[in-house]
Amino acid sequence: MSKPGLNTLKPGEHYKANEIDSFITTTDAVILSTNDNELFSDPEREFRVIHEFEGFFEHSSEDGEKHFREKKAYVVEKV
């Protein structure tokens, strides 16, 4: 299931941890995993993309406000 040069992840699709690793190394995106901090512990472990977001709100420590950040964010779960 090798997908070299991924520029997006698709909800419902399965990806190996090493593919997700390569994706976030070359893409400005955020990965949220239901597998806690073990997302990259096994490069062959498969994950399914369960949600894709166009951005997210984050709190700014500079002005104390919440700002919408236009940055792709994906939620993945272990298969």
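Note: the structure precedes this text.
Report follows, based on the coordinates. (Residues numbered from 1 in each chain as written. Predicted model: local features only at pLDDT ≥ 70, side-chain atom pairs only at ≥ 80, totals over all residues. Heavy atoms only, no water.)

## Observations concerning the pairing of strand S4 (residues 56–59)
Piece 1. Looking at chain direction, S4 and strand S5 (residues 66–69) are connected through four bridges and run antiparallel. Among the inter-strand pairings, Phe 56 is bridged to a residue of S5, identified as Arg 69.
Piece 2. Linking S4 back to S5 in an antiparallel pair, the connection comprises six residues, with Gly 64 at a positive phi of about 75°. (Pairing = 2+ DSSP bridges. Helix = DSSP H or I, 4+ residues; strand = E, 2+ residues; numbered from the N terminus.)

## Section: unusual backbone geometry
Piece 1. The phi angle at Asp 36 is positive, at roughly 50°, despite the residue not being glycine.
Piece 2. Turning to its location among the elements, Asp 36 is positioned in the loop between strand S2 (29–33) and strand S3 (46–53).

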